[in-house]
Amino acid sequence: MRGGILRLVTVQLALIAVAALAMYLVRGHEWSAAGAAVFGGGIAFVNALLLARTAVQAAGVATTGSRFGGASLMAGFVERFVFTLAAFALGMGLWHLDPPSVIAGFALPQFAYAVAARHQ
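Below: a short report on this structure. All values reported here derive from a predicted model rather than from experimental measurement.

The rules behind these values
Once a new chain begins, its residue numbering starts again from 1 and follows that chain's sequence as written. Totals for whole chains, interfaces and linings use all residues, but because this is a predicted model, local features are given only for residues with pLDDT of at least 70 and pairs of side-chain atoms are given and counted only at 80 or more. Side-chain figures throughout are based on the complete set of non-hydrogen atoms in the structure, without hydrogens or water. A helix here means a DSSP run of H or I that spans at least four residues, while a strand means a run of E at least two residues long, and both kinds are numbered starting from the N terminus. Relative accessibility under 20% of the residue-type maximum defines a buried residue, over 50% an exposed one, and the middle range a partly exposed one, all with a 1.4 Å probe and only protein chains included. Whether two residues are in contact is decided by their heavy atoms: any pair within 4.5 Å suffices. Salt bridges are defined by distance alone: a side-chain nitrogen of Lys or Arg within 4 Å of a carboxyl oxygen of Asp or Glu. Two rings from Phe, Tyr or Trp (for Trp, the six-membered ring) form a pair when their centres are within 6.5 Å of each other. A pair whose planes differ by under 30 degrees is stacked, one over 60 is edge-to-face, and the rest are tilted. Lines fitted to C-alpha atoms define the axes here, with helix axes fitted over just the stretch in contact, and angles between the N-to-C directions of these axes take values from 0 to 180 degrees. An angle below 35 degrees is treated as roughly parallel, one above 145 as roughly antiparallel, one from 65 to 115 as roughly perpendicular, and anything else as oblique. With the far helix as reference, a near helix turned anticlockwise by less than a right angle produces a left-handed crossing, and one turned clockwise produces a right-handed crossing. The span you would expect from a helix comes to 1.5 Å times its residue count less one.

## Remarks on the overall build of the protein
- Along the backbone of the protein there are 5 helices and 0 strands.
- Ordered by position from the N terminus, the helices and strands of the protein form the series α-α-α-α-α.
- Along the first, second and third principal axes, the C-alpha atoms of the protein reach 55 × 35 × 15 Å.
- When the 120 residues of the protein are sorted by exposure, 32% land in the buried category.
- If you take every contact in the protein between residues at least 6 apart in sequence, the share linking residues at least 24 apart comes to 75%.

Okay, structure coming up:
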């Protein structure tokens with residue numbers, strides 16, 4: 001499991017760098033756009049870490065024979081959802097980061113799941 005998580009994180013970091021470079025070039029060589037893309041990528045990155053933690057916890061619950069594995073997964077889902085909403089609100093609402101850059105930085109690393117799954 002750790003190898004898959006490491007692969008996912010590595011691919012995500014590479015895609016965050018690609019998103020930052022792309023937004024820097026597309027948005028007229030503005031470093032603020034690249035920074036906003038890195039912020040969005042950071043949201044995706046933290047989401048991946050939270051998902052990995054939830055998966056490890058759920059696997060631990062499953063091995064004990066407890067019936068709370070589903071509740072553990074649901075709690076992890078809610079945690080990631082709330083974190084994502086709060087991070088977007090902080091970045092785009094409070095700090096006024098460039099919304100297309102934040103969203104591009106968040107969306108591009110999501111493809112890391114497909115790449116990591118393909119190599120499983």
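## A few points about the pattern of salt bridges
- Going through the model one piece at a time under the given rule, you end up with 2 salt bridges.
- As a salt-bridge pair, D98 and R27 come within 2.8 Å of each other at their nearest N and O atoms. In this pair, D98 is assigned in the loop between α3 (69-94) and α4 (99-107) and R27 in the loop between α1 (2-26) and α2 (31-63), connecting sequence segments 71 residues apart.
- Linking R53 and E79 is a salt bridge whose minimum nitrogen-to-oxygen distance equals 2.6 Å. Linking R53 in helix α2 with E79 in helix α3, this pair joins segments that are 26 residues apart in sequence.

## A few points about the packing of aromatic side chains
- Evaluation of the coordinates by the stated rule reveals 4 aromatic pairs.
- Taking the centre distance of 5.1 Å and the plane angle of 75 degrees together, the rings of F88 and F106 count as edge-to-face. Residue F88 is found in helix α3, and its partner F106 is found in helix α4; the two are separated by 18 residues along the sequence.

## Regarding the packing of α1 against helix α5 (residues 111-118)
- Direction vectors running N to C along α1 and α5 enclose 140 degrees, while the axes themselves pass 9 Å from each other. By the criterion of interaxial angle, the relationship of α1 to α5 is oblique. In this structure, α1 crosses over α5, and the sense of that crossing is right-handed. Contacts from G4, R7, L8, V11, Q12 and L15 in α1 reach F111, A112, Y113, V115 and A116 in α5.

## A short note on α1
- With 25 residues, α1 ought to run about 36 Å at 1.5 Å a step, and its terminal C-alpha atoms sit 36 Å apart, in line with that.
- Considered for burial, the residues of α1 that qualify are G4, L8, V9, V11, Q12, L15, I16, A19, A20, M23 and Y24.
- Of the residues flanking the end of α1, it is G28, one or two places downstream, whose phi is positive at about 80 degrees.

Any functional reading would require information that these geometric values do not contain.
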